[in-house]
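Structural overview for review
Here are the chains, one letter per residue:
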Amino acid sequence: MSAAYQGLPAAPGIGMGAIYLHRGRELELEYSTSTVISLARAPFNPQTEWERFLHAKKLVDQQLMEMGTSLNHVAADIFAMHRLILSDVTLTDSVRIAIHEEGRSAISATRRTILDMAQVFQELDDAYFAGRATDIIDIGRRLLTFLGAPIETGRLSELPPGSILLTEDLTPSEIATLPVAAVAGIALARSTPTAHTSILARSLGFPLVCGLGTAILEESRAQQAIVDGYSGQLILSPSPEQLARYQAQQIRDADRSAEAVRRAHEPAVTLDGLKMPVYINANTTDDVAALGESGADGIGLLRTEYLFQNRNEPPTVDEQCAIYTAFARQTDNRLLTIRALDAGGDKPLEYLTHRDEYNPFLGVRGLRLLLSHPAILADQFRAVLLAAQTLAPEMEVRFMLPMVSTLTEMEQARKLLDQVRADAGTAQTGARVRIGPLIEVPSAALMAQQLAGMADFLSIGTNDLAQYVLASDRTNSRVAGMADALHPSVLQLVERTAHAAKNFYIPVSLCGELGGNAQAAPLLLGLGVSELSVPLPAAPLIKQAIRETDLFHAHQLAESALRCRSAEEVRTLLEG
Ligand code: PEP
Ligand code: MG
């Protein structure tokens, strides 16, 4: 009998195949018996143990560096972050104390430290931090392997071809080293769409559903399964009808991708002649390396948090200017949208954000934080203006303000930025710099008409908008599924915002994850969104989806979606 289990969609695509239930030692760090015996026999010398640890740490660092360059830029970012965790003084200090003061061996000290660090994150009961615990365990396993105590993790390298891998959770290293041809799809009992494992799955093209609950691991009767990475469903023992339906969808998906890639450089024009620019979202310069190949029209969202992280103070104006100029050059004189620092919430910054906030998503984040540190906002805008001066006049640069929630905030920010512009001298010889809010708080969407009157463009951040509209923390796996941007309540605010932009003849882009959903592209067009900004790999498919629609159909779809009662109903409508 077929049975469907609902999890969270974490990487798109359909996977069909035989189930491979992986019962590795999961995220534990249990010793093998031989390690326990050799530990008992080894003579103890703290200095030797300490040197063994330092040596293992150096080898892990080298290995992580190689891992980063061997796969893709997403893996490079993740393993660069692992190198940072490895170099963290807390880790090294606590191993040193455990060896020198508690008399532990290098193996035992490392294991204790890693488990303690992982536990701190796990106890925060927050999906984002639980994902970080997996990263720490991953590093711990590498250290222990070099210390001569390899952790038994099962035999993922022997995964049979075309498998649906069903397991509790995977570390980034495990997913990065899976034999690609063997994986038809992945189903995880734990984890969330924001964990590094999910991010890697998306970059590697593995369909993945997560957060299915551990009871799924007891489902040993099923032989075959379907992973639906669009809806987040795992279907066990599918019926012949289900198999046929998903097979047809797989074929359609493959044909559509091939066509989209072939036509990536053609503009995205609807059947009745409306051009819709499609930009990409970026964090680092690696993200834009393939901008030219993707056929995208520029950068619609550059998250600048990365520039401010892993340091003790903000980057200088000159440092920022050099980086923005480098990004601008990658766009080949097309659009560059720089988002002002969006710290706070799920993006804390050691030297800036408040540690004592009970609910940081509703606290001092985004523009609120910048207005309480106006010098940081002013410097960032100064750097943008300086960069713009070196660019071709036909290029457009946008400066986007995150988490605007009131008109007063927008007025204050505009006043400050206008002053910076005036102080910088108005001889604007380079690219035009435009200013606009990111609409991601319900109050901003409701006041979009007034905000549009003060802005050169609007952009809609559906990730935050959905979590605030539906009161569902996007990083808490228990409710993250509810923060669904396809919910009609969110779509109403998208329409309202788009309408306001239209009244003022200014562009309105959408840069939340929803923009990367090709099925939703006609709907967004129908709701009045004029531009999309999407993850780079999705750009060709989004352009293709726009080419296949017309405005009449798009408006009809939007009207029907706004009348739906739930996100599920909207999804069914889009599939129909
Ligand atoms: C959003 O909230 O939709 C958005 C684009 O910003 P971020 O995901 O960086 O919060
Ligand atoms: Mg946001």
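For the structure itself, consult the block above.
Keep in mind that this is a model prediction, so the values were computed, not measured.

Procedures and definitions
Residues numbered from 1 in each chain as written. Chains lettered and ligands numbered in written order. Predicted model: local features only at pLDDT ≥ 70, side-chain atom pairs only at ≥ 80, totals over all residues. Heavy atoms only, no water. Donors = N, O, S within 2.8 Å, 3.2 Å for Na, K, Ca; no water. Helix = DSSP H or I, 4+ residues; strand = E, 2+ residues; numbered from the N terminus. Buried < 20%, exposed > 50% of the residue type's maximum accessible area, 1.4 Å probe, protein only. Pairing = 2+ DSSP bridges. Axes fitted to C-alpha atoms, helices over the stretch in contact; angles between N-to-C directions. Contact = heavy atoms within 4.5 Å. Phe/Tyr/Trp six-rings, centres within 6.5 Å; stacked < 30°, edge-to-face > 60°. Salt bridge = Lys/Arg side-chain N within 4 Å of Asp/Glu carboxyl O. 1 Å grid on protein atoms, 1.4 Å probe; cavity = no way out; pocket = protein on both sides within 12 Å on 5 of 7 lines; lining within 4 Å. Points joined across faces, edges and corners; volume = space filled by probe spheres on them. Nonpolar A, V, L, I, M, F, W, Y, C, P; charged D, E, K, R; others polar. Near = heavy atom within 4 Å. Polar contact = N/O pair within 3.5 Å; in protein donor to acceptor, adjacent residues only side chain to side chain. Areas by Shrake-Rupley, 256 points an atom, 1.4 Å probe, with all protein chains shown as cover. Sits in = over half its atoms within 2 Å of the grid points. Parallel < 35°, antiparallel > 145°, perpendicular 65-115°, else oblique. Left-handed = near helix turned anticlockwise from the far one by under 90°.

It is worth spelling out the coordination of the magnesium ion (ligand 2) at this point. The coordination sphere of the magnesium ion (ligand 2), as far as protein atoms go, consists of E440 (OE) and D464 (OD), spread over 2.0 to 2.1 Å. On the criterion of sequence distance, the pair formed by E440 in the loop between β13 (432–439) and α16 (442–446) and D464 in helix α18 (residues 462–469) is long-range, its members being 24 residues apart. Overall, E440 belongs to the buried group, its relative accessible area being 3%. We classify D464 as buried; its relative accessible area is 2%.

This brings us to the sheet that holds strand β3 (residues 14–22). Spatially, the 8 strands line up as an open sheet ordered β1-β8-β7-β3-β4-β5-β6-β2, and their pairing is mixed. Unpaired on one side and paired on the other, β1 (3–6) and β2 (8–11) mark the two borders of the sheet. Ignoring which end each strand starts from, the neighbouring axes of this sheet average 30° apart. Alignment of β3 against strand β4 (residues 163–167), held across 5 bridges, turns out to be parallel. Paired with I19 across the bridge in β4 is I164. Contacting β2, β5 (183–188) and β6 (208–210), helix α8 (residues 196–204) crosses the sheet at an angle of about 55° to β2. Helix α9 (residues 240–262) rests against β3, β7 (224–228) and β8 (233–236) of the sheet, and its axis sits at about 115° to β3.

Before going further, it helps to spend a moment on the packing of aromatic side chains. Summed over all chains, the structure comprises 2 aromatic pairs. Relative to F53, the ring of W50 has its centre 5.8 Å away and its plane inclined at 20°; by these criteria the two rings are stacked. Here F53 and W50 lie together in helix α2 (residues 46–70), a separation of 3 residues that amounts to about one turn. Each member of the pair, W50 as well as F53, is classed as buried. Seen in terms of ring centroids, F381 and F399 are 5.0 Å apart; in terms of plane orientation they differ by 40°. Their pairing is tilted. Taken together, the positions of F381 in helix α14 (residues 374–389) and F399 in strand β12 (residues 396–401) put the pair 18 residues apart, joining distant regions of the chain. With respect to class, F381 is no different from F399; both count as buried.

The subject of this paragraph is the pattern of salt bridges. Side chains that differ in sign of charge can pair as their charged atoms come close. Under the counting rule described, the total for this entry stands at 24 salt bridges. A salt bridge links D93 to R96; the nearest nitrogen and oxygen atoms lie 3.4 Å apart. Note that D93 and R96 are positioned in helix α4 (residues 89–100) at a spacing of 3 residues, about one turn of the helix. A relative accessible area of 34% places D93 in the partly exposed class. Accessibility expressed as a relative area gives 31% for R96, which makes it partly exposed. With its nearest N and O atoms 3.0 Å apart, the salt bridge here joins R112 to D116. On the criterion of helical spacing, the pair formed by R112 and D116 is a turn pair, its members being 4 residues apart in helix α5 (residues 106–123). For R112, a relative accessible area of 28% puts it in the partly exposed group. Judged by its relative accessible area of 36%, D116 falls in the partly exposed class. Overlapping salt bridges bring together E305, R339, D342, R365 and D464 as one network.

Turning our attention to the layout of surface pockets. Here the second largest pocket is characterised by a volume of approximately 520 Å³. K502, L525, G528, V529 and H555 are the residues nearest the centre of the second largest pocket, which is lined by 23 residues in total. Put simply, the parts of the chain that give the lining of the second largest pocket at least two residues each are α19 (488–503), α20 (521–527) and α22 (551–563). Of the residues contributing to the lining of the second largest pocket, the split by class is 14 nonpolar, 5 polar and 4 charged.

Bringing the site of ligand 1 into the picture now. Every residue lining ligand 1 is accounted for by L301, R303, R339, K347, E440, G461, T462, N463, D464, R474, C511 and G512. Within the side chain of R303, a nitrogen or oxygen atom sits 2.7 Å from an oxygen atom of ligand 1. In the environment of ligand 1, an oxygen atom lies 3.0 Å from a nitrogen or oxygen atom belonging to the side chain of E440. When ligand 1 sits alone it has 290 Å² of accessible area, and the protein chains cover 99% of it. Here ligand 1 is seated within the largest cavity. Breaking the shell around ligand 1 down by element, the ones donating at least two residues are β10 (298–303) and α18. If one sorts the elements of the shell around ligand 1 by residue count, α18 sits on top with 3 residues. Residues that form the shell around ligand 1 fall into these classes: 2 nonpolar, 4 polar and 6 charged.

Turning our attention to the packing of helix α12 (residues 317–330) against α14. In contact at an axis separation of 8 Å, α12 and α14 are set at 45° when each is read in the N-to-C sense. By the angle between their directions, the pair α12 and α14 is classed as oblique. Here the hand of the crossing between α12 and α14 comes out right-handed. Residues V317, Q320, C321, Y324 and T325 of α12 form the contact with α14, whose own contacting residues are D379, Q380, R382, A383, V384, L386 and A387. Across the contact of α12 with α14, the residue classes tally to 7 nonpolar, 3 polar and 2 charged.

What follows deals with the environment of S509. Residue placement: S509 occurs in strand β15 (residues 508–510). Residues S509 and N359, 150 residues apart in the sequence, show an inter-C-alpha distance of 29 Å. Residues in contact with S509, not counting those within four places in the same chain, are L458, S459, I460, V529 and E531.

For the structure shown, the criterion picks out 1 cavity of 30 Å³ or more. Here the largest cavity defines a volume of roughly 80 Å³. Considering the residues around the largest cavity, the lining is formed by 13 residues, among which R303, R339, E440, N463 and D464 are closest to the centre. Mapped onto the lining of the largest cavity, the elements with two or more residues apiece are β10 and α18. Of the residues assigned to the lining of the largest cavity, the class counts are 3 nonpolar, 3 polar and 7 charged.

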